[in-house]
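Take a look at the letters that make up each chain.
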Protein chains: 2
Amino acid sequence: MNPYLGKNHIGYQVSALGNHVFFGIDPKTNQPFETSFHQATSEEIDLALAKSQEAFDVYRLISIEKRVQFLKGISEKLKANKDLLIQWFCAESGLPQDRAEVEFARSCFQFEYYAQAVETGYALEIKIDSADPDRKPNPKPSLTKFNIPVGPVVVFGASNFPFAYSTLGGDVASALAAGCSVIVKAHAMHPHTSSVSAQFILEAAKEHGMPDGILSHLLAEDFTIGQSLVQDSRVKAVGFTGSIGGGMALQKLINERKEPISLYAEMGSSNPIVALKSALEKRPSEIAKQISASVLLNAGQFCTSPGLLFIEETANFNSFKEELIRAFSQSEIQCMLHPGISKRYFERTKEHAALVEVLYEGKHEGNFIQPTLSETSAAQFFSNPRIQEEIFGSYLTIIKCANETELKRGLALLEGQLTTSLYAETMGETDRFLPVLTAKSGRIILNGVPTGVEVSFAQQHGGPFPSSLNSYFTSVGWDAIKRFQRPVTFQNFSEDFSSKRVDFNENNIFLHFLNGKYH
Amino acid sequence: MNPYLGKNHIGYQVSALGNHVFFGIDPKTNQPFETSFHQATSEEIDLALAKSQEAFDVYRLISIEKRVQFLKGISEKLKANKDLLIQWFCAESGLPQDRAEVEFARSCFQFEYYAQAVETGYALEIKIDSADPDRKPNPKPSLTKFNIPVGPVVVFGASNFPFAYSTLGGDVASALAAGCSVIVKAHAMHPHTSSVSAQFILEAAKEHGMPDGILSHLLAEDFTIGQSLVQDSRVKAVGFTGSIGGGMALQKLINERKEPISLYAEMGSSNPIVALKSALEKRPSEIAKQISASVLLNAGQFCTSPGLLFIEETANFNSFKEELIRAFSQSEIQCMLHPGISKRYFERTKEHAALVEVLYEGKHEGNFIQPTLSETSAAQFFSNPRIQEEIFGSYLTIIKCANETELKRGLALLEGQLTTSLYAETMGETDRFLPVLTAKSGRIILNGVPTGVEVSFAQQHGGPFPSSLNSYFTSVGWDAIKRFQRPVTFQNFSEDFSSKRVDFNENNIFLHFLNGKYH
């Protein structure tokens, strides 16, 4: 038994002052696990905030080299403790071992990759204007600009990625890479996974001499803990992945602050796929296979799971549809993440079924589901805006359009999306659809599906509202780090002045860059 | 008489449907000019919004080359009509001819310079990940990411820069450079300058074949016009330069929208200057001259005008102070921008005088003022947070500190600033102050004053709250364009697919970049 399980991590200290306890649940059986988890008290929250502020003031001045070593150290620590992490991941999420392995690898990679973004200088966005003392009418000053961390960051763990969008996730990795201290509000549906994750990050932090409070991990079953955190003046940015309702509730709380701060909320999407006539006629089986695999993946519990399929009607449409129905009906039932998610899924699919025609109704049992397929006409879609609203979990609605005009009209009615996909055969077709697709989404996939978000330099995971709250930023890829930074320009810091400075290893980020090491 | 003076510009159409009229005022005499300006009606606002949406949908697909030519064309058009613009600028602002010339040159330069940011590809932030079809376990897709415009933008003209932060200003230039249509809410205190400016931008737009509605210019004396604009669902971003009260009132209105959008508000700052003992002992006259010139410039009506001077007491402090008093008392009285600003200045200086000791009280007459110098002890500053609040106009308060510890404690109490300055002699001193200075500001000036914001690549004009609302962004320099863009990632758009596309000149921004022209 781990001595810290069930307790809050407040920096390097574990704490369980409160009497409000809750339990993790095995979603396959709906039975609770035995450890009681102590919801953080207001005293514990305040201590975490105070430590976070103090740690920030130390961490932001630690050399970039040490920051990079720390981030890489987290990945090593996780790899050395993989079995325990994977075990809790599977037990608490109901997700299969292969998914756990993929997500674990992604989480380790994120710490290493974001370390590289800092190490190479990329994340600092360094810009230099040289002085021109002879310029008329006024001399030009030298300007050097680069990013510094914003301050303590609060991250909300997400239920659907117990590793990659939770305590070991991209928000934590990018905030630490930015130079910020972090307080994680653990998701109540995987408290063991989250606590074990926090413990290993803290072990790495200790080994790398990081300040007490660089990470705190608070347990919470209800909304009040998150509320206290985001409204505290010491917090300077918030990362959230979840529902539109959850994100907007947080934004409302943040709007009440004296000092506005950025909430980086990634709130979900219906991820429409458009299949043009040409493509549907030429390769119906390939398209049906790709789409059904994407919808089926892990019971569709992804922010990028496709929920809408716009098709241009073809002679082979019925056989294409039959192929989708076959794939859906032959799929195994899969466990959803927790009883709350499956309950919501059943409610939403029931609501939605009243608006469309159900072609195949997935079987279900406890928290286990099979995907549901429905269809509707373009006219119905045009007249009922609720049809496009996201259903979290495997559920696909086909919108039958007679021609390109109807397709484009339907796409123009969409709210903002994380992704849209286009199956097309010719460049001309693609050109005709790019204007409406770019207007609606943050990522456009040509002849492919939206699931499987590449953690990469050029990734954009964030789109127009309501898919996210600030579409300039991404929650995946190197640019994710920028969410937790702000630029400062140094004027008149001459090269001569800078070059006299001491060695990088002994110094801090400001001097490091003024030294010209990354010019 | 110009046939459009007094009327709203709704795209290429002039309109004066309303009965609510107001007049420009000569701040030197407080007498109104003769032309009556018609405040925009709700019908006119709605038409401007509809045209802005339509124009956006056209403009965003126009080639980058044409966009660049248009921006450069604006600068040419302005230069050809310089005399008329300068004449109204001086008449309505009370600012001298030399200032008008500098600001005019800056405005023209901004259109040209931001055109370059687009032309060179800088503003598009293009990022490319090549595909790796052989990667295990999954092939890596190709990803190409670049910025596209967000949508129609509303810009509020600022009273203190009738050119450079108004209709010809950086927000308009950067929004047009981003590919957005713009609606300007003119500042009521320079309606002639603003209307003439709009007319010339529109003439350039027409000559370059830009869509009707790419720019609208609405006249408004009261707050309701701005309110209608920022709450309209067609508007996707807002640029504002002005007071903290004004910016926060706009943010409150925006918080009531269904779709949150970014308000880029640059709200002012006390721009503290720190003079260390070493510097004050070595070059008191140089420092006194630089600081007094900066405080005196154009009656201190700049967001970067210094209002606080933290000094470490020295044996020569009294003679340094005498030098400042001499410079302040010997300065000519200068006209403030309008009666509202001078009224507010008198109120604020009176409030402030009750908190500090006034060393020299500036003379005043009508809207004309001389600067005021005051001082206070570190202890007083520590105990009264109101001392640090900005006074718009020439007014400097010296905060006398006994040593570095007091200086740092004072700086740590500061709210967010656009700039801080440091007069220091050694690298060691600078190193010791950088942590607190970076924590508080967006730009740090070594041995120099904050006025004279360089329009340049590496500029940061925006700092922690309340100096601006989102400190990641800047309102000056190439990065200002990013405020009005968002990135989109294109997945699986292969080089082969892209290279077959038609020539750049014939094509739009998406295809242009997919073509690899800027890779």
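What counts and how
- Residues numbered from 1 in each chain as written.
- Chains lettered and ligands numbered in written order.
- Predicted model: local features only at pLDDT ≥ 70, side-chain atom pairs only at ≥ 80, totals over all residues.
- Domains from an automatic or database assignment.
- Contact = placed C-beta atoms within 7 Å.
- Helix = DSSP H or I, 4+ residues; strand = E, 2+ residues; numbered from the N terminus.
- Expected span 1.5 Å × (residues − 1).
- Buried ≥ 20, exposed ≤ 12 C-beta atoms within 10 Å, placed from the backbone.
- Axes fitted to C-alpha atoms, helices over the stretch in contact; angles between N-to-C directions.
- Parallel < 35°, antiparallel > 145°, perpendicular 65-115°, else oblique.
- Left-handed = near helix turned anticlockwise from the far one by under 90°.
- Nonpolar A, V, L, I, M, F, W, Y, C, P; charged D, E, K, R; others polar.
- Least-squares fit on C-alpha atoms with pLDDT ≥ 70 in both.
- Pairing = 2+ DSSP bridges.
- pLDDT = per-residue confidence, 0-100.

### A look at the domain arrangement of chain A
Residue and element names in this part refer to chain A.
Next, step 1: The assigned domain composition of chain A is domain 1 (8-19 + 42-134 + 144-267 + 471-486) and domain 2 (273-446).
Next, step 2: For domain 1 and domain 2, the distance between their C-alpha centres works out to 33 Å.
Next, step 3: Opposite the nine residues of domain 1 that make contact, domain 2 presents 11 residues.

### Considerations on helix α6 (residues 191-207) of chain B
All names here are of chain B.
Next, step 1: When the terminal C-alpha atoms of α6 are compared, their 24 Å separation across 17 residues agrees well with the 24 Å that a helix rising 1.5 Å per residue should span.
Next, step 2: With 14 of its 17 residues buried, α6 lies for the most part within the structure.
Next, step 3: Downstream of α6 by a residue or two, Gly209 has a phi angle that is positive, lying close to 70 degrees.

### Remarks on the packing of helix α3 (residues 82-93) of chain A against helix α4 (residues 97-119) of chain A
All names here are of chain A.
Next, step 1: For the pair α3 and α4, the least separation of the axes is 10 Å and the interaxial angle reads 125 degrees. In terms of their interaxial angle, α3 and α4 are classed as oblique. The handedness of the crossing between α3 and α4 comes out as right-handed. For the pair formed by α3 and α4, the contact residues are Lys82, Leu85, Ile86, Phe89 and Cys90 on the first element and Gln97, Ala100, Glu101 and Phe104 on the second.
Next, step 2: The residue makeup of the contact of α3 with α4, split by class, is six nonpolar, one polar and two charged.

### Observations concerning the relation of the copies chain B and chain A
Next, step 1: Once chain B is rotated about the relating axis by 180 degrees and shifted along it by 0.0 Å, it coincides with chain A to within an RMSD of 0.0 Å. In the structure described here, the two chain copies are related by an operation that fits a two-fold rotation axis. Measuring from the rotation axis to each C-alpha of chain B, the shortest distance belongs to Asn255 of chain B, at 3.5 Å.
Next, step 2: Of the interface residues in chain B, 100% have counterparts in chain A that sit at the interface too, so the contact is made through matching surfaces.

### Comments concerning the sheet that holds strand β6 (residues 143-149) of chain B
Next, step 1: Pairing is mixed across the open sheet formed by 10 strands, whose spatial order is β17(A)-β20(A)-β21(A)-β15(A)-β14(A)-β22(A)-β23(A)-β22(B)-β6(B)-β5(B). Across the chains shown, the open sheet's two edge strands, defined by having one partner strand only, are β17 (357-360) of chain A together with β5 (127-129) of chain B. When the angles between neighbouring strand axes are averaged without regard to direction, this sheet yields 25 degrees.
Next, step 2: With three bridges joining them, strand β14 (residues 273-275) of chain A and strand β15 (residues 308-312) of chain A adopt parallel strand pairing. When the sheet's bridge partners are listed, Val274 of chain A is paired in β15 of chain A with Phe310 of chain A.
Next, step 3: Strands β14, β15 and β21 (395-401) of chain A of the sheet are contacted by helix α14 (residues 404-412) of chain A, whose axis makes an angle of about 160 degrees with β15 of chain A.

### Regarding helix α4 (residues 97-119) of chain B
Residue and element names in this part refer to chain B.
Next, step 1: Taking 1.5 Å per residue, 23 residues should reach 33 Å; α4 reaches 33 Å between its end C-alpha atoms and fits that length.
Next, step 2: Buried within α4 we find Ala100, Glu103, Phe104, Ser107, Cys108, Gln110, Phe111, Tyr113, Tyr114, Ala115, Ala117 and Val118.
Next, step 3: Looking at the packing, one finds that the buried side of α4 touches α2 (64-80), α3 (82-93) and α5 (170-178).
Next, step 4: A positive backbone phi angle near 90 degrees is found at Gly121, which sits one or two residues after α4.

### What to know about the interface of chain B and chain A
Interfaces are frequently sized by the accessible area removed from exposure as the parts join.
Next, step 1: With 54 residues of chain B at the interface, the matching set in chain A holds 54 residues.
Next, step 2: Listed by contribution, the elements that provide at least two residues to the side of chain B that touches chain A are β5, β6, α8 (244-255), α15 (427-440), β21 (441-446), β22 (485-491) and α17 (509-514) of chain B.
Next, step 3: Broken down by element, the residue count for the side of chain B that touches chain A peaks at six residues, all from β22 of chain B.
Next, step 4: Relative to β22 of chain B, strand β23 (residues 441-446) of chain A is paired through three bridges, and the arrangement is parallel. Considered in β22 of chain B, the bridge of Ile445 of chain A is made with Gln491 of chain B.

### Details of the pairing of β6 of chain B
Residues and elements named next belong to chain B.
Next, step 1: For β6, the tally of buried residues reaches six of seven residues, placing the bulk of the element in the interior.
Next, step 2: Pairing of β6 with β22, which is carried by seven bridges, proceeds in the antiparallel orientation. Counterpart to Ile148 in the pairing with β22 is Arg486.

### Points about the packing of α3 of chain B against α6 of chain B
Residue and element names in this part refer to chain B.
Next, step 1: At a minimum axis distance of 8 Å, the contact between α3 and α6 shows a crossing angle of 160 degrees. Considering the angle they form, α3 stands roughly antiparallel to α6. Seen from above, α3 lies across α6 with left-handed handedness. Contacts between α3 and α6 pair Leu84, Leu85, Trp88, Phe89 and Glu92 from the former with His192, Thr193, Val196 and Ser197 from the latter.
Next, step 2: Of the residues contributing to the contact of α3 with α6, the split by class is five nonpolar, three polar and one charged.

### Topic: the confidence of the model for chain A
Low-pLDDT portions of the prediction should not be read for the details of their coordinates.
All names here are of chain A.
Next, step 1: Summary statistics for chain A give a mean pLDDT of 93 and a share of 95% for residues scoring 70 or more.
Next, step 2: Scored below 50 in pLDDT, residues 497-519 makes 43 contacts in the model with residues more than four places away or belonging to other chains.
Next, step 3: Interface scoring of the predicted complex returns ipTM 0.95; its pTM is 0.95.

### Focus: the environment of Gln227 of chain B
Next, step 1: One can find Gln227 of chain B in helix α7 (residues 224-231).
Next, step 2: Between the C-alpha atoms of Gln227 of chain B and Phe382 of chain B, which are 155 residues apart in sequence, the distance is 38 Å.

### A word on the sheet that holds strand β16 (residues 334-335) of chain A
Residues and elements named next belong to chain A.
Next, step 1: Within the open sheet, the three strands sit side by side as β16-β19-β18. Their pairing is antiparallel. Whereas interior strands pair on both sides, the edge strands pair on one side only; in this sheet they are β16 and β18 (364-365).
Next, step 2: Where β16 meets strand β19 (residues 368-369), two bridges bridge the pair, whose relative direction is antiparallel. Of the residues in β19, the one forming a bridge with Gln334 is Ile369.

### Things to note about unusual backbone geometry
Next, step 1: In the segment running from Lys136 of chain A into Pro137 of chain A, the intervening peptide bond is cis, with an omega of 0 degrees.
Next, step 2: Here Pro137 of chain A is to be found in the loop between β7 (127-129) and β8 (143-149).
Next, step 3: Not every positive phi belongs to a glycine, and Asn447 of chain A is a case in point at roughly 50 degrees.
Next, step 4: Note that Asn447 of chain A resides in the loop between β23 and β24 (485-491).
Next, step 5: Backbone geometry places Asn30 of chain B, a non-glycine residue, at a positive phi of 60 degrees.
Next, step 6: Checked against the element boundaries, Asn30 of chain B lands in the loop between β3 (21-26) and β4 (31-38).

### Side note on the environment of Glu256 of chain B
Next, step 1: Here Glu256 of chain B shows up in the loop between α8 and β11 (262-266).
Next, step 2: The spatial distance from the C-alpha of Glu256 of chain B to the C-alpha of Ala105 of chain B is 39 Å, given a sequence separation of 151 residues.

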